[in-house]
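Coordinate analysis (summary)
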Amino acid sequence: SDSGSDCDSEDSSLSDSELQEAFLRGALKPGLNVVLEERPKRCNDTDGLKQCLSEFRQQLAWVERLDVTSGQVADPVSQSASDKDAVDPENDFQREMTFYRQAQAAVLKALPRLHELQVPTRRPDDYFAEMAKSDQQMQKIRQKLKSKQEAMERSEKAKQLRAMRKYGKKVQTEILQRRQKEKKNMLNAVKKYQKGLSDKLDFLDEEQTSSQGNKKGNANQRIKKGPNAKRRYKNQKFGFGGKKKGSKWNTKESFNDVSSFRSKVAHNKGPGKAGKGGKKALNKRPGKRARQKMKSRAR
């Protein structure tokens with residue numbers, strides 16, 4: 001009885017009376033923690049365990065109990081029964097695998113007995129079980145999943161837009177760089193032509209072809225071919241530019257020859273040339289001073 005009481009006091013929490021007795025014996029020491037000098041002995045009360053098992057065991061048919069007791073399970077790697085000492089309890093993976101193999105062996109042992117008793121072990125296809133969660137909870141879950149999916153789609157769309165912007169910016173930069181390069185080449189060619197280092201005007205043709213390529217998308221530019229009527233008239237009247245033969249240039253003799261000069265014609269003083277108005281300009285009223293002179297002469 002003493003050994004049993006000691007075992008109970010070691011395994012279970014002490015009551016107030018036991019604490020008082022321990023305090024009287026001097027077993028309690030100051031402090032919250034009690035340092036044990038020796039490791040407490042484990043108690044394996046086999047008789048008590050069997051008594052408890054006999055109390056809650058019910059004498060019912062196996063189909064009502066469905067309890068299966070399996071012994072040591074053979075290890076599929078070593079093909080031998082696993083010894084209890086071979087399993088390291090501190091190794092989580094090895095311990096869980098031992099539980100898994102034991103449960104698998106119990107299922108394989110129980111299935112034939114269920115088939116003998118004609119107990120179905122598979123759920124029918126038309127079997128509908130009640131959901132563990134309510135419809136409101138499932139609706140919340142659907143909305144949550146939907147919001148996550150929409151957020152992912154928005155993020156993906158934003159990524160695509162950023163990529164498109166980067167690509168568009170890259171293309172625009174390339175176009176600007178190409179235009180600057182063409183302009184630089186054009187200026188260099190013009191400078192060479194002005195200095196007489198080159199007598200070729202190929203760069204003008206290149207510029208014209210590039211400008212036509214830029215305006216290729218315009219329908220009006222594609223339909224119209226050649227200069228318009230106004231340009232053709234000016235070309236016919238004034239020529240096409242460039243150096244002429246010099247027939248209209250002044251010379252020393254033509255500059256000194258003033259025989260064909262008419263002052264009245266030159267200063268619009270001839271008949272019908274008075275001012276810009278022609279004949280109507282002759283009827284123009286003279287000025288104030290001219291009228292005063294005319295009056296003084298009449299006196």
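Residues numbered from 1 in each chain as written. Predicted model: local features only at pLDDT ≥ 70, side-chain atom pairs only at ≥ 80, totals over all residues. Heavy atoms only, no water.

The subject of this paragraph is the overall build of the chain. Helices and strands together make up the secondary structure of the chain, namely twelve helices and two strands. When the helices and strands of the chain are listed from N to C terminus, the series reads α-α-α-α-β-β-α-α-α-α-α-α-α-α. Looking at the chain as a whole, 6% of its 299 residues qualify as buried. Taking the intrachain contacts of the chain between residues at least 6 apart in sequence as the baseline, contacts between residues at least 24 apart amount to 37%. For the chain, the exposed surface amounts to about 29600 Å²; the carbon and sulfur share of it is 52%. (Helix = DSSP H or I, 4+ residues; strand = E, 2+ residues; numbered from the N terminus. Buried < 20%, exposed > 50% of the residue type's maximum accessible area, 1.4 Å probe, protein only. Contact = heavy atoms within 4.5 Å. Areas by Shrake-Rupley, 256 points an atom, 1.4 Å probe, with all protein chains shown as cover.)

Burial of helix α9 (residues 229–238) is sparse: only one of the ten residues sit out of reach of the surface. Note on α9: the residue one or two positions beyond its end, Gly239, has a positive phi of about 90 degrees.

Moving on: the packing of aromatic side chains. Taken as a whole, this structure holds zero aromatic pairs when the rule is applied. For the cation-ring pair, Arg113 lies above Trp62, with the distance from its terminal atom to the ring centre recorded as 4.0 Å. (Phe/Tyr/Trp six-rings, centres within 6.5 Å; stacked < 30°, edge-to-face > 60°. Lys NZ or Arg CZ within 6 Å of the ring centre and 35° of its normal.)

Another point: the pattern of salt bridges. Tallied over the entire structure, the rule returns two salt bridges. A salt bridge links Asp67 to Arg65, with the nearest nitrogen and oxygen atoms 2.7 Å apart. Overall, the relative accessible area of 39% leaves Asp67 in the partly exposed class. A residue is classified by how much of its surface remains accessible, and Arg65, at 35% relative accessible area, is partly exposed. Where Asp92 meets Arg95, a salt bridge forms, and the shortest distance between an N and an O atom there is 2.9 Å. One end of the pair, Asp92, and the other, Arg95, are both in helix α5 (residues 92–116), three residues apart, so they sit about a helical turn from each other. (Salt bridge = Lys/Arg side-chain N within 4 Å of Asp/Glu carboxyl O.)

Turning our eyes to something else, we now look at the confidence of the model for the chain. Averaged over all residues, the pLDDT of the chain equals 77, while 73% of them reach at least 70. For the chain, helix α1 (residues 2–11) is the element with the lowest average pLDDT, namely 44, and α5 is the one with the highest, namely 90. Low confidence marks residues 1–12, where pLDDT is under 50. Its contacts with residues over four positions away, or in another chain, come to five contacts. (pLDDT = per-residue confidence, 0-100.)

Once that is clear, we can look at helix α6 (residues 135–195). Taking 1.5 Å as the rise per residue, α6 with 61 residues should run 90 Å; its terminal C-alpha atoms sit 89 Å apart, in good agreement. Once α6 finishes, Gly196 follows within two positions and takes phi at roughly 85 degrees, a positive value. (Expected span 1.5 Å × (residues − 1).)

We now examine unusual backbone geometry. Phi at Leu66 takes a positive value of approximately 55 degrees, unusual for a residue other than glycine. Along the polypeptide, Leu66 turns up in the loop between α4 (62–65) and β1 (74–75). At Gln118, a position not held by glycine, the phi torsion is positive, near 55 degrees. Structurally, Gln118 can be placed in the loop between α5 and α6.

Before going further, it helps to examine a positive patch on the surface. Together, Lys159, Arg162, Arg165 and Lys166 make up a positively charged patch on the protein surface. Relative accessible area serves as the criterion here: at 63%, Lys166 is assigned to the exposed category. (Patch = residues over 30% accessible without salt bridge, like charges linked within 9 Å, V, L, I, M, F, W, Y side chains within 5 Å. Lys, Arg positive; Asp, Glu negative; His and termini not counted. Charge placed at Lys NZ, Arg CZ, Asp CG, Glu CD.)

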